Structures are given as structure tokens and as C-alpha cells.
Amino acid sequence: MTAVDDILASHHTGRWFVMGILNVTPDSFSDGGRFDEPKRAVAHAQAMIEEGADLLDVGAESTRPGSQRVPAGEQISRLAEVLPGVCDLAGRAGAVVSVDTTRSAVARFAMDCGAQIVNDVSAGREDADLPGLVADRRGALVLMHMPGEPATMQDDPRYDDVVAEVRDFLAGQLDALARDGLPKDRCVLDAGIGFGKRLEHNLALLTDGTRALRGLDRPVLVGPSRKRFIGELSAGVAGTAPTPEDRTGGTVAACLAARSAGASLFRVHDVGAVRQALLVADAIEQARE
Ligand code: HH2
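Remember, predicted model here, so these are calculated numbers, not experimental data.

Engineer: Could you clarify how one ought to interpret the pattern of salt bridges in this entry?
Structural biologist: A side chain of one charge can pair with a side chain of the opposite charge if their charged atoms are brought near each other. Counted by the stated rule, this structure contains 20 salt bridges. R267 is the salt-bridge partner of D57, the closest N and O atoms lying 2.8 Å from each other. With D57 in strand β2 (residues 55-59) and R267 in strand β8 (residues 265-268), the pair connects residues that are 210 residues apart, well separated along the chain. Assessed through its relative accessible area of 0%, D57 is described here as buried. For D156, the salt bridge is made with R198, and the minimal N-O distance between the two is 2.6 Å. Of this pair, D156 sits in the loop between β5 (140-144) and α8 (162-179) while R198 sits in the loop between β6 (187-190) and α9 (199-214), placing them 42 residues apart in sequence. The exposure class assigned to R198 is partly exposed, which follows from its relative accessible area of 32%.

Take a look at the structure:
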């Protein structure tokens, strides 16, 4: 049984949670078009729960590099056929549902269906009504670092000190949202792997970035799942870069590295593999104590 308050306390308790990704989109980089048919989406949610997902993150807008924005009304109509069923089966299984959106209208619809977390890749910058909504519902908000917009973020990402800049940005957003009525203790932080980042930025953020965000006294979420940096690192093994579906090993490695640096939420496509890896890593750690 997973409760939002357990997730919000995970940086103190040491518990971790696997968040399964469900994209009801035609164009997501890994699973686009696979789950935009409602029956298949709900069946996939069920499969991820059986693999041990503690949370399900349902999104109706791709934010992959170069993607175009999806209006709130279109996001709601994509979610309408899927979310009630997903919330129902998550509720019966003791899992929490989050909605991957930057728009308060979409978040309100999802929370009316039973979602308790809003995963906002704009970290509260896009919709001034979002913090108040999350506060009123006693939900949680994931604040993610992204420079600019998905359409342009990979054009030429540059940082003097990526870890410090991401930490300072998220610390500033925590303060800004607190002024707008959302207490810091309702927030989770995410460095935004693959969002306006080059390979070296992603690598630094998984460990040093996680430690820096932990320094802000909030739980840390990482989302390396099947992303391009894994393909870049393993290109050449079989002559070509692996497709997103063939990046499970790299996803597991990235999650374990982030776990050792203190991350407690893992947003992934491959729920069973990541959960198994985290359980084994825990057992190895306990055997040493
Ligand atoms: N990554 C994606 C989407 N949402 N949210 C958080 N908090 N962190 C992430 O790293 C993150 C996210 C992109 O991955 P995916 O949902 O698989 O693809 P797409 O955006 O193409 O739908």
C-alpha cells in the first residue's frame, strides 16, 4: 500500500518507489501509439501493477525533444477514456496515480478521477493555478528542471555548473510555490534527465545532482528511462545504437546509481526490471551492515 505521505517522507525513511510510465499519446519517444487505445492502456497499467509499480504516471502530452504542445482540452479527452479505469485498478492495488501535465485544468480533471500527484515538467512555471490546486487537494507536486520548452530545449544546452544551476533553479521554484500557497513539504524534486541536457550533464545529474537536490530536504525523483543518453553510451555494441525498447540495462544502471546517491522515486517503463534491481541492491547493502 502506497500513500502520498509515505512518498513525501521517503527522503527520511529510506523507502523507495517505482513509478510506471503510461503515455496515452500517439508520439511519445518510447511507447507512443502503443497505449492510446483505452483498453490497451488499462491493460498495460494492470501489467505494471503486477510487476510491482507503486505509482502510475499517466501522461497525455509527449515532452520529448522537439515535441509540440497539446492543448489542455485535448489532453483531457485523451485521459477521459483511460484515467477512471486506471485510478480504479490502482486504488484496488494500493498504488498511487500521478498525472504528467503542466496544466491545472488537466490536473483538476485527473484529481477528480482519483490522481493524487501532479508531475509538472515546468516546475510550476506554466500555470499559476497549479500550486493552489495541489495544496487544496493535499496532493503532491513533482517539480522538474527543464530549460525553455521541449521544442527547443536540446538546441544547444550549456551550463557553467549544471548541478548547481539545476539545484538553484529548483530551490527558487520551491520558494516561489511556497509563496503561492503550496508548502515545500508537498513537493518532490527532479533534475530532468534528458531535458535540455547533454550526455555529460545527464551523467553528473544522476549522482551529484541527486545529492545536491537531497540537500534541499525533499524526495528526489529520477527519470532516465530508455532515454537517448543510454543509446549514446551503448552505441557500437551491436554496430548501431539500441532502440528505446533495448535500453533496459542502461535504465537499471542509471536508477541504481541514482539510488546510491539518495533518489527515492524511479520513473520508468521497465517496472519489473528496475524493482528487481533495487531489491537486490538493498539486500546487498543490508548484508554488508
Ligand atoms: N521524462 C519524460 C516525461 N515526463 N517527468 C519527470 N518528472 N521526469 C522525467 O524525466 C520525465 C517526465 C519523458 O519520457 P516519456 O514520458 O517516456 O516520453 P514522452 O515525453 O515522449 O511522452
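After that view, the rundown keeps rolling.
Engineer: Would you mind going over the site of the ligand with me for this structure?
Structural biologist: Taken together, 18 residues lie near the ligand, and S28, S62, N119, D190 and K227 sit nearest. The contact in question runs from an oxygen atom of the ligand to an N or O atom on the backbone of F29, over 3.0 Å. Between the ligand and the protein, one listed contact pairs an oxygen atom with a side-chain N or O atom of H269 at 3.1 Å. Burial of the ligand by the surrounding chains reaches 99%, relative to a free accessible area of 480 Å². Given that more than half its atoms are within 2 Å of the pocket grid, the ligand belongs to the largest pocket. Looking at side-chain class alone, the shell around the ligand contains 6 nonpolar, 7 polar and 5 charged residues.

Engineer: Please clarify how the layout of surface pockets should be interpreted in this entry.
Structural biologist: Empty space among the atoms can be located by rolling a probe the size of a water molecule over them. Of the voids in this model, the largest pocket is the one considered here, and its volume is about 520 Å³. Residue lining of the largest pocket: 36 residues in total, with F29, R64, P65, F195 and K227 positioned closest to the centre. A per-element tally of the lining of the largest pocket places helix α10 (residues 228-234) first, with 3 residues. If you add up the space inside the second largest pocket, you get close to 260 Å³. Taken together, W16, L256, R259, S260, L278, A281, D282, E285, Q286 and E289 make up the full set of residues lining the second largest pocket. Sorting elements by how many residues they give to the lining of the second largest pocket places helix α12 (residues 271-288) first, with 5 residues. Residues of the lining of the second largest pocket, tallied by class, amount to 4 nonpolar, 2 polar and 4 charged.

Engineer: Which parts of the structure should I look at to understand the nonpolar core?
Structural biologist: Within soluble globular proteins, side chains that are nonpolar tend to cluster in buried spots. Residues L22, L143 and F266 are the most contacted members of the largest nonpolar core, which totals 66 residues. Residues contacting L22, with those up to four places away along its chain left out, are F35, A41, H44, A45, M48, D57, V58, G59, V82 and V86. Judged by nonpolar contacts, the second largest core, of 13 residues, contains V4, M19, L55 and A140.

Engineer: How should I be thinking about the pairing of strand β3 (residues 96-100) in this particular structure?
Structural biologist: Consecutive residues of a regular strand have side chains that alternate between opposite faces of the sheet. Buried residues dominate β3, accounting for 5 of its 5 residues. Of the two faces of β3, both are covered, the one formed by V96, S98 and D100 as well as the one formed by V97 and V99. Of the pairings in the sheet, the one linking β2 to β3 comprises 5 bridges and is parallel in character. Looking across to β3, one finds that V58 is bridged to V99. As paired elements, β3 and strand β4 (residues 117-120) share 3 bridges and run parallel to each other. From the neighbouring strand, S98 faces β4, where its bridge partner is I117. Taking the sense of rotation as the criterion, the β-α-β connection linking β3, helix α6 (residues 104-113) and β4 turns out right-handed.

Engineer: Would you mind showing me how to read the packing of helix α11 (residues 248-260) against α12 here?
Structural biologist: Two quantities define a packed helix pair, namely the angle between the helix axes and the distance between the axes. Packing of α11 against α12 leaves a shortest axis separation of 10 Å and a crossing angle of 40 degrees. Accordingly, the angle class assigned to the pair α11 and α12 is oblique. The crossing of α11 and α12 is right-handed. Mapping the contact onto sequence places T248, T251, V252, C255, L256 and R259 in α11 and A273, V274, A277, L278, A281 and D282 in α12.

What counts and what doesn't
Along every chain, residues carry numbers that run from 1 in the direction the sequence is written. In view of the model being predicted, local features appear only for residues whose pLDDT reaches at least 70, and side-chain atom pairs are presented and counted only at 80 or more, with totals across whole chains, interfaces and linings using the full set of residues. Note: side-chain values were computed over all heavy atoms of the structure, leaving out hydrogens and water. The salt bridge criterion pairs a side-chain nitrogen of Lys or Arg with a carboxyl oxygen of Asp or Glu, the two atoms within 4 Å. Under the scheme used here, helices are H or I runs from DSSP no shorter than 4 residues and strands are E runs no shorter than 2 residues, and both carry numbers assigned from the N terminus. Three exposure classes are used, based on accessible area relative to the maximum for each residue type with a 1.4 Å probe and protein chains only: buried under 20%, partly exposed in between, and exposed over 50%. What makes a residue near a molecule or strand is one non-hydrogen atom of that residue sitting within 4 Å of it. We define a polar contact as two N or O atoms separated by no more than 3.5 Å, with the added condition that, inside protein, one atom must be a possible hydrogen donor and the other a possible acceptor, whereas residues neighbouring each other in sequence contribute only through side-chain atom pairs. Note on areas: these come from Shrake-Rupley sampling with a 1.4 Å probe, and a residue is covered only by the protein chains present in the view. Only protein atoms enter the 1 Å grid used here, on which a cavity is any set of points holding a 1.4 Å probe that cannot leave and a pocket is any open set flanked by protein within 12 Å on both sides along at least five of seven lines; residues with an atom within 4 Å of a point are listed as lining. Each molecule is assigned to a cavity or pocket provided more than half of its atoms lie within 2 Å of the corresponding grid points. The residue classification treats Ala, Val, Leu, Ile, Met, Phe, Trp, Tyr, Cys and Pro as nonpolar and Asp, Glu, Lys and Arg as charged. All others, Gly included, are polar. Grid points are joined across faces, edges and corners, and a volume is the space filled by probe spheres set on the points. The set of buried Ala, Val, Leu, Ile, Met, Phe, Trp, Tyr and Cys residues whose side-chain atoms join them within 4.5 Å is what this entry labels a nonpolar core. Contacts are residue-level and defined by heavy atoms, with any inter-residue pair within 4.5 Å sufficient. When DSSP finds two or more bridges between two strands, those strands count as paired. Whether a crossover is right-handed depends on one test, that the path from the first strand over the helix to the second runs clockwise when the strands point away from the viewer. To get an axis, fit a line to the C-alpha atoms, keeping to the stretch in contact for a helix; angles then go from 0 to 180 degrees between the N-to-C directions. Note that the term roughly parallel is reserved for angles under 35 degrees, roughly antiparallel for angles over 145, roughly perpendicular for angles of 65 to 115, and oblique for everything else. With the far helix as reference, a near helix turned anticlockwise by less than a right angle produces a left-handed crossing, and one turned clockwise produces a right-handed crossing.

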